[in-house]
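The lines below spell out each chain.
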Amino acid sequence: MNQSEKFNSTMNTDLSDLNSPLLESVIQAWTELKTNQPLVHIITNAVASNYVANVLLAAGASPAMIDNPFEAESFATIASAININLGTPTSEQMQAMQITAQTAQQLSKVWVLDPVGYGPVLPWRSEMVNTLLQYRPSVIRGNASEINGLAGNQGESKGVDSTLNSAETYLQASTLLEHCECVAISGESDFILSKQMNTVVKINGGSYLQPKVTASGCALGALIAAYCAVSENVTTGTVAAHIHFAIAGQKAFELASSVGSFNVAFLDEIFNLKEEDIQQYADIEILPL
Amino acid sequence: MNQSEKFNSTMNTDLSDLNSPLLESVIQAWTELKTNQPLVHIITNAVASNYVANVLLAAGASPAMIDNPFEAESFATIASAININLGTPTSEQMQAMQITAQTAQQLSKVWVLDPVGYGPVLPWRSEMVNTLLQYRPSVIRGNASEINGLAGNQGESKGVDSTLNSAETYLQASTLLEHCECVAISGESDFILSKQMNTVVKINGGSYLQPKVTASGCALGALIAAYCAVSENVTTGTVAAHIHFAIAGQKAFELASSVGSFNVAFLDEIFNLKEEDIQQYADIEILPL
Amino acid sequence: MNQSEKFNSTMNTDLSDLNSPLLESVIQAWTELKTNQPLVHIITNAVASNYVANVLLAAGASPAMIDNPFEAESFATIASAININLGTPTSEQMQAMQITAQTAQQLSKVWVLDPVGYGPVLPWRSEMVNTLLQYRPSVIRGNASEINGLAGNQGESKGVDSTLNSAETYLQASTLLEHCECVAISGESDFILSKQMNTVVKINGGSYLQPKVTASGCALGALIAAYCAVSENVTTGTVAAHIHFAIAGQKAFELASSVGSFNVAFLDEIFNLKEEDIQQYADIEILPL
């Protein structure tokens, strides 16, 4: 029985039996990322671009932030995976997002949608997010406020930071699986809803300092794309990115307890991650959807 | 007699008697910032955006860099305070700045104007700054060259770095108080001209490395907005931001003597600031206007 | 015999005899950079802007990222040198690039072209690069893939990272000297083709971590401009920037072996460079062109 068959048999097994094969797939994805250095096409916000590029380089990927509409199609065509982030959109970025998502769908490329700031306060981007959904992202990732709003539920958002708790909202996000393979909600614990596995993967770890470093979530979205480019399936890629992030955050916090030095240590630990770290630190629970 | 009455009685008192109540207000503002995490709407330049967001998160605020004209009004409406910085304007940012400033004035929100690069060499932004003045910023902050030029005085500017000394120019800036509540000039010492207190607050501290870290001034402008969102008045908020910055800079320099590690330590110290630090390190003088 | 005469007599001398006078010129350029703090007009990409500004400030220059078409001409007029980088162009940046390059040529200012991502996959920017060549950049710098493609040779590029080796491609880049004074190719070793000296300067040093920090090449391009602003000629300025970078990278790696802390140490070492470091660490070879 291969990994996929194991995943697909969730209805018949104790869910905790899936931990071990899932972690094996994650380790394999991590090895592939280092080896293949996939090219990731990233359209992201002005705040995040430097940080996201550094996180992806540290993890082993090759990021490129091409965000103009004139090169979007040709670059999406050669990229191994794509991340579209709505943080600080410009008119040209908006055009590029649509072309890129459309190209991704046509070529069956993995693409990750990060609907930063989704909600009634920011209608321009929220309409674009709704448009982008028709190009069927592989993964939708966001914080609890964004994902909750996108799933059509009421709730208050405050700018780009969440006012909701991931643990309280994740089950309400399952309707979003009609648009994508995985929904990933970041928070104190991260929750990944997988259509393929028909389960939720809860990932613990990280540090309370993570939300004090701007663009952490944006970097996570891009790292999901990087991992999906080399993973056997979207669920494994999404889980692998979250585990990589959570372990690096946890180890960084052991070394540094304030935000400036934490951020330096975090990049170090993203770069330094080893197979043994995944085995020792990965803290996941598989829950019913 | 409450703080405001104390401030308003400056004509009748020895100015040094105001130090203590001002520092008490600053400590209160610092507590409020940590507690309330005000949402700050920031339109800033491409160089500064990541750094500014990290400084504000470290200080306890919730920054969001929404800089498109299509969401400017609705976001300014929900923000607690606003910072507009002219560093690397685009046409869309320019439109967003005007809408945002107008909204701020209509809703009586605190907004901070940072006229980066103001001067005859950069006419496009300088004209926009002149336009924005009609929406009555709460605070105008800049380096000595920018503030001097904006006050209608002659002087040479060199790009975005100042060629003038804050101590020699601050009194010439008092005409700008017709447009705003406070004028803040950063430099080796910072000078804050307060219309309400009818005094100048001189703030010592920081480090000679500060101008070697790009976007320090931009981050200070955004931090002023964050503090004003939670302060009893604009003078207290402006002074509090400068004191927070100056202490963090001074403490960081005790830990790190080169720019890369200084910058890391600076973010750490912005995050770590405690009430005792304000009491121990704050170095202010109140001077006649 | 002055430095230039020594350089110009390469046909008649053992090339290694040129090392010493070249390093003397580099030390002089380094002194001038610290003393004169030249204003560098930089049009660069969203990923790089903060990092590039910090590297230039650390080295002693005064960077300004003015990238709108409305201020491009007047700012290029007052700048001491210019750097144009095609990393993440917008329509407005593209207009600004053309105005700036044209102004530079008209005023005989040093300007450095960094054709990031040049190649058939990214036609919009590649056409702009071809247009900019008519304004005769002083220096063209890039990685091996970009320079090889620009020189009209076949080769595969992968986004913005190179798939070619600088040592294998540098001689094929000599045709580009019809457009400029120097061609600089960064890689494990850097190669600088000088029309004036009719030689290639090979520079060793740096660290394998350098390409793991995003925008390193972009910062190097801007530093070339900064050095050229204060150097006796473009070759010296280009070599000086590469030596400064290579030594800082090598020394940083002695202090830090992971990317986050390496990057902090690198900025520290850019700032801390001393004359003795250049004498002790500079590792150059002068080769025939």
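Residues numbered from 1 in each chain as written. Chains lettered and ligands numbered in written order. Predicted model: local features only at pLDDT ≥ 70, side-chain atom pairs only at ≥ 80, totals over all residues. Heavy atoms only, no water.

What counts is decided by this rule: UniProt positions are given in the numbering used here, feature names are shortened, and annotations may be inferred rather than shown by experiment.
The name an unreviewed UniProt entry gives chain A is Hydroxyethylthiazole kinase, with Acinetobacter gandensis as the organism. Recorded in UniProt for chain A, the comment headed Catalytic activity (unreviewed entry) runs: "5-(2-hydroxyethyl)-4-methylthiazole + ATP = 4-methyl-5-(2-phosphooxyethyl)-thiazole + ADP + H(+)". Under the Sequence similarities (unreviewed entry) heading, UniProt states for chain A: "Belongs to the Thz kinase family."

**With respect to the overall build of chain A**
Which entries qualify depends on this criterion: Numbering of helices and strands starts at the N terminus; helices are DSSP runs of H or I of at least 4 residues and strands are runs of E of at least 2. All radius of gyration figures rest on C-alpha atoms, and the globule criterion is 2.2 Å times the number of residues raised to 0.38. Between buried and exposed lies partly exposed: a residue is buried under 20% and exposed over 50% of the maximum accessible area for its type, with that area taken using a 1.4 Å probe on protein chains only.
Regarding its fold elements, chain A presents 12 helices and 9 strands. Expected size for 289 residues packed as a compact globule is a radius of gyration near 19 Å; at 17 Å, chain A falls within 12% of this value. Expressed as lengths along the three principal axes of its C-alpha atoms, the size of chain A is roughly 45 × 45 × 40 Å. Buried positions account for 66% of the 289 residues belonging to chain A.

**Details of the packing of aromatic side chains**
Cut-off, in case you're wondering: Paired rings are identified among Phe, Tyr and Trp, the last through its six-membered ring, by centres lying within 6.5 Å, and are further divided according to the angle between planes into stacked (under 30 degrees), edge-to-face (over 60) and tilted (the rest). Geometrically, a charge over a ring is one whose NZ (Lys) or CZ (Arg) sits within 6 Å of the ring centre while staying within 35 degrees of the ring normal.
Using the criterion set out here, one finds 15 aromatic pairs over all chains in the structure. Taken together, a centroid distance of 4.2 Å and an interplanar angle of 5° make the contact between Y170 of chain B and F191 of chain B stacked. Of the two residues, Y170 of chain B sits in the loop between α8 (166–169) and β6 (182–186) while F191 of chain B sits in strand β7 (residues 190–194), which places them 21 residues apart along the sequence. Taking relative accessible area as the criterion, Y170 of chain B reaches 12% and is therefore assigned buried. Since its relative accessible area comes to 2%, F191 of chain B is described here as buried. Among the aromatic residues, ring-to-ring pairing joins F245, F262 and F266 of chain A into one connected group. Positioned above the aromatic ring of F271 of chain A, the side-chain terminus of K34 of chain A is 5.5 Å from the ring centre.

**Describing the pairing of strand β8 (residues 199–204) of chain C**
Residue and element names in this part refer to chain C. Stated precisely, the cut-off is as follows: The pairing criterion is simple: DSSP has to find at least two bridges between the two strands.
With 5 of 6 residues buried, β8 lies mostly within the body of the structure. Inspection of the sheet shows strand β7 (residues 190–194) paired to β8 by 5 bridges, in the antiparallel sense. In the sheet register, D190 faces β8, and the bridge partner there is I203. Linking β7 back to β8 in an antiparallel pair, the connection comprises 4 residues, with N198 at a positive phi of about 55°.

**Re the UniProt feature "binding site: ATP" (unreviewed entry) in chain A**
All names here are of chain A. Keep this limit in mind: Any two residues whose heavy atoms approach within 4.5 Å at even a single point are treated as in contact. Counting of polar contacts relies on pairs of N or O atoms within 3.5 Å, with two restrictions inside protein: one atom must be capable of donating a hydrogen and the other of accepting it, and residues adjacent in sequence are counted only when both atoms are side-chain atoms.
Per the UniProt record, the feature "binding site: ATP" (unreviewed entry) sits at R141 and S186. Spatial clustering of the annotated residues is evident: they stretch over 46 residues in sequence, but the largest pairwise C-alpha distance comes to 7.6 Å. Secondary-structure assignment places R141 in strand β5 (residues 139–143). The class of R141 is buried, set by a relative accessible area of 4%. Residues within four places of R141 in sequence aside, it is in contact with V112, L113, D114, P115, I147, A184, S186, G217, L220, G221 and I224. Reaching out from R141, the side chain makes a polar contact with the side chain of D114 at a distance of 3.0 Å. With respect to the secondary-structure elements, S186 resides in strand β6 (residues 182–186). Other than its neighbours up to four places away in sequence, S186 contacts R141, G142, N143, A144, S166 and L220. Among the polar contacts made by the side chain of S186, one reaches the side chain of R141 at a distance of 2.9 Å.

**Quick notes on the UniProt feature "binding site: substrate" (unreviewed entry) in chain A**
The sites that carry the UniProt feature "binding site: substrate" (unreviewed entry) are, in the present numbering, M65 and A215 of chain A. A relative accessible area of 8% places M65 of chain A in the buried class. Contact partners of M65 of chain A, with chain neighbours within four places excluded, come to I42, T44, S49, V52 and A53 of chain A together with V47 and T88 of chain C. With residues near it in sequence (within four places) discarded, A215 of chain A still touches A48 and Y51 of chain A.

**A look at the sheet that holds β8 of chain C**
All names here are of chain C. Which entries qualify depends on this criterion: Axes here mean lines fitted to C-alpha atoms, for a helix over just the part in contact, with angles spanning 0 to 180 degrees between N-to-C directions.
Taking strand neighbours across the sheet as the criterion, the 9 strands line up as β2-β1-β3-β4-β5-β6-β7-β8-β9 in an open arrangement whose pairing is mixed. Every other strand in the sheet has two partners, leaving β2 (62–64) and β9 (283–288) as the edge strands with one partner each. Sheet twist, expressed as the average angle between the axes of neighbouring strands with direction ignored, equals 20°. Where strand β4 (residues 110–114) meets strand β5 (residues 139–143), 2 bridges bridge the pair, whose relative direction is parallel. Directly across from V112, in β5, lies its bridge partner V139. In this fold helix α9 (residues 216–228) packs onto β1 (39–43), β3 (81–85), β4, β5 and β6 (182–186), with an angle of close to 160° to the strand it touches most, β3.

**Let's talk about the interface of chain B and chain A**
Threshold: We define buried area as the total accessible area lost by two parts upon association, computed with a 1.4 Å probe and summed across both. In the sections that follow, a salt bridge refers to a side-chain nitrogen of Lys or Arg positioned within 4 Å of a carboxyl oxygen of Asp or Glu. Residue classes follow a fixed rule: Ala, Val, Leu, Ile, Met, Phe, Trp, Tyr, Cys and Pro count as nonpolar, while Asp, Glu, Lys and Arg count as charged, and any other residue, Gly among them, counts as polar.
At the interface, 28 residues of chain B touch 30 residues of chain A. When the two sides are added together, the surface that chain B and chain A hide from each other amounts to roughly 2300 Å², 58% of it contributed by carbon and sulfur. When the area that chain B buries against chain A is broken down by residue, the three leading residues are L57, E71 and F271 of chain B, summing to 24%. Where chain B touches chain A, the interface holds 1 salt bridge. A salt bridge links E71 of chain B to R125 of chain A; the nearest nitrogen and oxygen atoms lie 2.8 Å apart. Joining chain B to chain A, the criterion identifies 10 residue pairs in polar contact (both at pLDDT 80 or more). Within the residue set of the side of chain B that touches chain A, elements represented by two or more residues are α3 (49–59), β2 (62–64), α4 (72–78) and α11 (259–272) of chain B. Top element by residues in the side of chain B that touches chain A is α3 of chain B. It accounts for 6 residues. For the side of chain B that touches chain A, a count of residues per class yields 14 nonpolar, 10 polar and 4 charged.

**Overview of the relation of the copies chain C and chain A**
Note the threshold: Least-squares superposition aligns the copies on the C-alpha atoms of those residues with pLDDT at or above 70 in both.
It takes a turn of 120° to lay chain C on chain A, together with a shift of 0.0 Å along the axis; the resulting RMSD is 0.0 Å. In short, the pair behaves as if placed about a three-fold rotation axis. Identified as the residue of chain C closest to the rotation axis by C-alpha distance is A46 of chain C, at 3.7 Å. The overlap is low: 3% of the interface residues of chain C also sit at the interface in chain A, so different surfaces are used on the two sides.

**Section: helix α3 (residues 49–59) of chain A**
Most of α3 of chain A sits out of view: 11 of its 11 residues are buried. By the burial criterion, the buried members of α3 of chain A are S49, N50, Y51, V52, A53, N54, V55, L56, L57, A58 and A59 of chain A.

**Quick look at the interface of chain C and chain A**
Across the contact, 30 residues belong to chain C and 28 residues belong to chain A. Here chain C and chain A share an interface that buries about 2300 Å² over both sides, 58% of which is from carbon and sulfur atoms. Counting across the interface, chain C meets chain A through 1 salt bridge. Here chain C and chain A share 10 residue pairs in polar contact (both at pLDDT 80 or more) between them. Elements represented by at least two residues in the side of chain C that touches chain A include exactly α6 (123–133) and α11 (259–272) of chain C. For the side of chain C that touches chain A, the element with the highest residue contribution is α11 of chain C, accounting for 5 residues.

**A look at the pattern of salt bridges**
It is possible for side chains bearing opposite charge to pair when their charged atoms get close. In this structure the tally under the stated criterion is 15 salt bridges over all chains. For E285 of chain A, the salt bridge is made with K202 of chain A, and the minimal N-O distance between the two is 3.6 Å. Of this pair, E285 of chain A sits in strand β9 (residues 283–288) while K202 of chain A sits in strand β8 (residues 199–204), and the two are 83 residues apart along the sequence. With a closest N to O distance of 3.7 Å, E269 of chain C and K251 of chain C form a salt bridge. Separated by 18 residues along the polypeptide, E269 of chain C in helix α11 and K251 of chain C in helix α10 (residues 234–255) bring together distant segments of the chain. On the basis of relative accessibility, which here comes to 10%, the residue E269 of chain C falls in the buried class. K251 of chain C sits in the buried class, given a relative accessible area of 18%. A single network of salt bridges, built from pairs that share partners, joins K251, E269 and D277 of chain A.

**Points about the packing of α10 of chain C against α11 of chain C**
Residues and elements named next belong to chain C. Stated precisely, the cut-off is as follows: If an angle is under 35 degrees, it is roughly parallel; if it is over 145, roughly antiparallel; if it lies from 65 to 115, roughly perpendicular; otherwise it is oblique. Take the far helix as your reference; a near helix turned counterclockwise from it by less than a right angle gives a left-handed crossing, and one turned clockwise gives a right-handed crossing.
It is at 8 Å that the axes of α10 and α11 come closest, and there the two elements cross at 130°. Taken together, the axis directions place α10 and α11 in an arrangement best described as oblique. Remark: the crossing between α10 and α11 carries right-handed chirality. Between α10, through H244, F245, A248, G249, K251, A252, F253 and L255, and α11, the contact on the second element is made entirely by F262, A265, F266, E269 and I270. Of the residues that constitute the contact of α10 with α11, the class distribution is 9 nonpolar, 2 polar and 2 charged.

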